[in-house]
Amino acid sequence: EDVLTGIEHTQDLNKTLKECITRSFVNCDENFAKEFPKDCKQVGSTGCVALLIGNKLVVANLGDSRCVLSKRGQALDMSVDHKARRQDEQDRIRG
């Protein structure tokens, strides 16, 4: 499926990419849980994805992982870790 088909506005593209990336992470997690049900009760997930579309770089991360870009030897954080000690992450977990 081509996620860019019929998308004319940048805002629509951002929403569609977010939904596709989120769905991919969820699908991966669900498939792992089906394949290894006993292990899933004791482990978590981490992941990073980077998409280059034209001159736009889209990054996403899951769990305790970070997307980093190296520019002239300097590390630039491209995402924010989902650390349980962050207040916004605690609020998200509590629902």
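Bear in mind that the values here come from a model prediction, so they are computed numbers and not experimental data.

### Considering the pairing of strand β1 (residues 47–53)
Alignment of β1 against strand β2 (residues 56–62), held across 7 bridges, turns out to be antiparallel. For L52, the partnering residue across the bridge sits in β2 and is L57. Hairpin remark: β1 followed by β2, antiparallel, with 2 residues in the connecting loop; positive phi at G54, about 65 degrees.

### A word on the side chain of N61
Within the fold, N61 resides in strand β2. A polar atom in the side chain of N61 sits 2.8 Å from the backbone oxygen of S65. A polar side-chain atom of N61 sits 2.9 Å from the main-chain carbonyl oxygen of V80. Aside from chain neighbours lying at most four places away, what touches N61 is F25, G47, C48, C67, S79, V80, D81 and H82.

### Looking at the state of the cysteines
Cysteine pairs can be linked by a disulfide, which is a covalent bond between their two sulfur atoms. One pass over the structure, following the stated rule, counts 0 disulfides. The thiol of C67 is unpaired, and the distance to the nearest cysteine sulfur, on C48, comes to 3.6 Å.

About the cut-offs
Residues numbered from 1 in each chain as written. Predicted model: local features only at pLDDT ≥ 70, side-chain atom pairs only at ≥ 80, totals over all residues. Heavy atoms only, no water. Pairing = 2+ DSSP bridges. Helix = DSSP H or I, 4+ residues; strand = E, 2+ residues; numbered from the N terminus. Polar contact = N/O pair within 3.5 Å; in protein donor to acceptor, adjacent residues only side chain to side chain. Contact = heavy atoms within 4.5 Å. Disulfide = S-S within 2.5 Å.

Interpretation note: all reported values are geometric properties and have no functional meaning in isolation.
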